[in-house]
Structures are given as structure tokens and as C-alpha cells.
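# What the coordinates show
Residues per chain, in single letters:
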Amino acid sequence: MKSLPKVELHTHLEGAAPPAFIRGLAQEKGMDISGVFAPDGGYAFKDFWHFLKVYEAATSTLTTPEDYHRLTLAVLEESAAHGVIYTESFMSPDFCGGRDLSAWREYLHAIQEAAAQAEAQMGIILRAVVTCVRHFGPEKARETALCAAETAGDFITGFGMGGDEQSGKQGDFAWAFDCAREAGLRLTTHAGEWGGPQSIRDALDDLRVERIGHGVRAIEDDALVDHLAEREIVLEVCPGSNIALGLYPDWQDHPIERLRERGVKVTISTDDPPFFHTTMTREYDRLADAFGWNEDSFRDFNIVAAHAAFCDTETRARVLKKLEQTDD
Ligand code: MCF
Ligand code: ZN
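Residues numbered from 1 in each chain as written. Chains lettered and ligands numbered in written order. Predicted model: local features only at pLDDT ≥ 70, side-chain atom pairs only at ≥ 80, totals over all residues. Heavy atoms only, no water.

### Digging into the coordination of the zinc ion (ligand 2)
Distances from the zinc ion (ligand 2) to its protein donors, namely His 10 (NE2), His 12 (NE2), His 190 (NE2) and Asp 271 (OD), fall within the range 2.1 to 2.2 Å. Coordination of the zinc ion (ligand 2) draws on donor residues from a single chain, spaced H-x1-H-x177-H-x80-D in sequence. Highlighted residues: His 12 in strand S1 (residues 6-12) and Asp 271 in the loop between strand S8 (265-268) and helix H11 (280-291), separated in sequence by 259 residues. Judged by its relative accessible area of 11%, His 12 falls in the buried class. (Donors = N, O, S within 2.8 Å, 3.2 Å for Na, K, Ca; no water. Helix = DSSP H or I, 4+ residues; strand = E, 2+ residues; numbered from the N terminus. Buried < 20%, exposed > 50% of the residue type's maximum accessible area, 1.4 Å probe, protein only.)

Written out as C-alpha cells, the structure is:
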């Protein structure tokens, strides 16, 4: 499974940081973030809300564009090692320059430079989905959306929202999503993870997104499952993340197979791989064990993901061509 070409639509840039990388940065800067790590050296958190805090504490070590340059290279190198040929990453002006536009441009320049280097060396393509953080509130989301709108283009192709789904309503962020849409950005939001089916309905109705991050709790509402299938809404499913955070007890219990059977377009991603002790290879291996999926099944998921990718048609064609080459 490791060498199978893969398309990944849902990762968070800082959430993909290897723990050793973050520990190294903290040491270089004399920062004490020991609470972030478990005795085995991995990240330590006890539940979803604690995970959000640990994420932010780990991210506090990333303070310069140069740090993000190194981070982006490290992350893309790891993804490419697991066969990822195209990846979309959530990144945020909240963490890159505190929503100041000129600072954000500097971070972005560094990230984009690293992405170009990784593409030249390893063939992996990165696109960015600027992301507001829900529990930071709608006001900050507006500023984040303005940064996104100002920098929308070939690299920044999407806008989204992550964070605590139980904080406020999707609709509270409509201004930010409208602003991003007007700038030509394509839209996704985390929904139906720690919020139930209504959160997914709100995302579709109030934010008018075309993809949903997670979305797995649609399974609790038959009419919604049919609606997602009919409208061909793509779910960015991250099974290992859902299991690690305790949403489902085990791989067999995960609804991805039931959603697929009912015609919902599902894709497979890692979310924050080192936090959840996962990789794209591990996701595929566990799904193959749980549901008997084989390389052909995974290729179908990757083709769905390529069609749902927030990229231009030329990039999509390149990605699809690589996926098709797996026959020989
Ligand atoms: O998908 C997981 C779990 N659900 C919700 N949010 C997040 C996940 N991983 C990161 N996030 C959020 C978190 O609030 O996204 C932000 C983090 O601060 C980063 S976006 C560049
Ligand atoms: Zn996520």
C-alpha cells in the first residue's frame, strides 16, 4: 500500500509536524512545552478539547516564516514517502503572523517556496486551504478570510474552518465564507465530527460549502445521507483521527463503508498524522483489514479525491494521469 499513489484532501499543516521537529524548535528557542509530549515522545492529549490545546501549544514553537519553510519540507517529505502525490493542507493566518496581512504574505512565501522545492525533488503537489479556527470566533474568522481573499490564487485555492465544532454555529461564520467565495476560493468546513447531522446541514445551507471535513456523523440521519449522495458532496473522511479521538471504538465500527455503500462520495485522509499515530499507508492497511478493500478500491477513492481537489484543471489532469499509471 505504501507505494500506491494517493491523493489526500484533509491535513493540517502544524498537525502534521513530527513531534521531534517541534521538540527541536522548542529547545532551540528555550521554550518549555514539555506538557505537549507523552513519555514515548509522541504528542499527549486526553480528549478532543485537550487535543485542540496541545495543538496550539505545539504550534506556539513555530514563530517565523523560516520555521514554516522547514515544517512544510518535513511534512511533504513524510507524505511523499507514503505515496502521496497531491495533498491539500489547512493553514492559518491565525498562527502565521496573527492575521496581519503583510506578515501572512511572508509566511506564505516561505511555505510556497518549500512546496516548490518538494514538488521539484519529490513530485508531490501541495495546495493550501486557508482555515479559520471556530473557537477563536467569527470576528477573527473575518480577518482570516480577508487574508485568504487577498492571497487567493494558484496556491491558495480553498477556504475552510476547523476547531471546536461545539463552539457557536456554522452560520455565525457566513460572512467569512461569503468573502472567501467572492474571492474565488472553494469551500469546506469541519462538520459532523463533534457536531451531529444538523451541523452538516448548517454547513451546506449557511456556508454553502462543496466539501465537508469529516462529515461521518451524517450516518445518524438517513435523509441526510441520501441528500449528500444526491448532491455529490465529498466527505474528507479521516478514520484514524476519529478512532484516536474516541468518536468510534474501532475500525469496523467506522461508518466510512456504510456511507460509501449508500453512494456518498468519500475520500481518505490522515488529518494530523503524528498526533493520531497514523500515516496514509496505515489508514489504507487498516481499512483493507476492516472492509476487505483492495488496491482497486483505493484507486477509486483516489480518483474521487482528485476530482474533488481544489486545484486547476491542468493540475487535476496531471494527478489523474499518475493515478491511472498504477496498472502497469
Ligand atoms: O480535524 C481535527 C479535529 N477536528 C477539528 N479541528 C481540527 C483537527 N485538527 C486540527 N483542527 C483545528 C484546530 O483547531 O484546525 C486548526 C487547529 O488549531 C488548525 S488549521 C491550520
Ligand atoms: Zn481536520
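### What to know about the pairing of S1
In terms of residue burial, S1 counts as a mostly covered element, since seven of its seven residues are buried. As paired strands, S1 and strand S2 (residues 84-91) are joined by five bridges and run parallel to one another. Note on S2: the bridge partner recorded for His 12 is Phe 90. (Pairing = 2+ DSSP bridges.)

### Some thoughts on the sheet that holds strand S4 (residues 156-162)
With parallel pairing, the eight strands of this open sheet are ordered in space as S1-S2-S3-S4-S5-S6-S7-S8. Edge positions in the open sheet fall to S1 and S8, since each of these has one partner strand only. Ignoring strand direction, the axes of neighbouring strands in this sheet form an average angle of 25°. Where strand S5 (residues 186-191) and strand S6 (residues 211-214) come together, four bridges link them in parallel fashion. (Axes fitted to C-alpha atoms, helices over the stretch in contact; angles between N-to-C directions.)

### Notes on the site of ligand 1
Taken together, 20 residues sit near ligand 1, with Gly 163, Glu 193, His 214, Asp 271 and Asp 272 positioned nearest. Within the side chain of Asp 271, one N or O atom sits 2.7 Å away from an oxygen atom of ligand 1. For ligand 1, the protein covers 100% of the area, taking 480 Å² as the surface of the free molecule. Counting atoms within 2 Å of the grid points, the majority share of ligand 1 lands in the largest cavity. Secondary-structure elements contributing two or more residues to the shell around ligand 1 are S1, helix H2 (48-59), S2 and strand S3 (125-133). If one sorts the elements of the shell around ligand 1 by residue count, H2 sits on top with four residues. (Near = heavy atom within 4 Å. Polar contact = N/O pair within 3.5 Å; in protein donor to acceptor, adjacent residues only side chain to side chain. Areas by Shrake-Rupley, 256 points an atom, 1.4 Å probe, with all protein chains shown as cover. 1 Å grid on protein atoms, 1.4 Å probe; cavity = no way out; pocket = protein on both sides within 12 Å on 5 of 7 lines; lining within 4 Å. Sits in = over half its atoms within 2 Å of the grid points.)

### A closer look at empty space enclosed by the protein
Per the counting criterion, the structure on display carries one cavity of 30 Å³ or more. Taken as a whole, the largest cavity spans an internal volume of roughly 260 Å³. In terms of lining residues, the largest cavity is bounded by 22 residues, among which His 12, Leu 52, Tyr 55, Gly 162 and Gly 163 are the most central. Elements with a minimum of two residues in the lining of the largest cavity: H2, S2 and S3. Of all the elements, H2 adds the most residues to the lining of the largest cavity, at five residues. Class assignment of the residues belonging to the lining of the largest cavity gives a composition of nine nonpolar, eight polar and five charged. (Points joined across faces, edges and corners; volume = space filled by probe spheres on them. Nonpolar A, V, L, I, M, F, W, Y, C, P; charged D, E, K, R; others polar.)

### With respect to the environment of His 277
Looking at the element boundaries, His 277 is found in the loop between S8 and H11. Distance from His 277 to Cys 96, taken between C-alpha atoms, is 25 Å for residues 181 residues apart in sequence. Excluding anything up to four places from it in sequence, His 277 contacts Asp 40 and Arg 282. (Contact = heavy atoms within 4.5 Å.)

### Overview of the packing of helix H5 (residues 138-151) against helix H6 (residues 174-182)
When two helices pack together, you describe them by how their axes are tilted relative to each other and by the distance separating the axes. In the contact formed by H5 and H6, the axes pass within 8 Å of each other and the chain directions differ by 5°. Judged by the inter-axis angle, H5 sits roughly parallel to H6. Contact residues: H5 offers Ala 141, Arg 142, Ala 145, Leu 146 and Ala 149, while H6 offers Trp 175, Ala 176 and Cys 179. Within the contact of H5 with H6, the residues separate by chemical class into seven nonpolar, no polar and one charged. (Parallel < 35°, antiparallel > 145°, perpendicular 65-115°, else oblique.)

### Describing the UniProt feature "domain: Adenosine deaminase" (unreviewed entry) in the protein chain
Here, the residues flagged by UniProt with the feature "domain: Adenosine deaminase" (unreviewed entry) are residues 5-324. Spanning residues 5-324, this segment combines 49% helix with 15% strand, and its end C-alpha atoms are found 9 Å apart. (UniProt positions renumbered as here; feature names shortened; annotations may be inferred.)

### A short note on the environment of Ser 199
Structurally, Ser 199 is set in helix H7 (residues 197-207). It is 8.1 Å that separates the C-alpha atoms of Ser 199 and Glu 165, two residues lying 34 residues apart in sequence. Ser 199 has contacts with Glu 165, Gln 170, Ala 191 and Gly 192, leaving out every residue within four places of it along the chain.

### Looking at helix H3 (residues 65-81)
When the terminal C-alpha atoms of H3 are compared, their 24 Å separation across 17 residues agrees well with the 24 Å that a helix rising 1.5 Å per residue should span. If you check which residues of H3 are buried, you get Asp 67, Tyr 68, His 69, Leu 71, Thr 72, Leu 73, Val 75, Leu 76 and Ser 79. Lining the buried residues of H3 we find helix H1 (19-29), H2, S2, helix H4 (101-122) and S3. The positive-phi residue at the C-terminal boundary of H3 is Gly 83, with phi of around 85°. (Expected span 1.5 Å × (residues − 1).)

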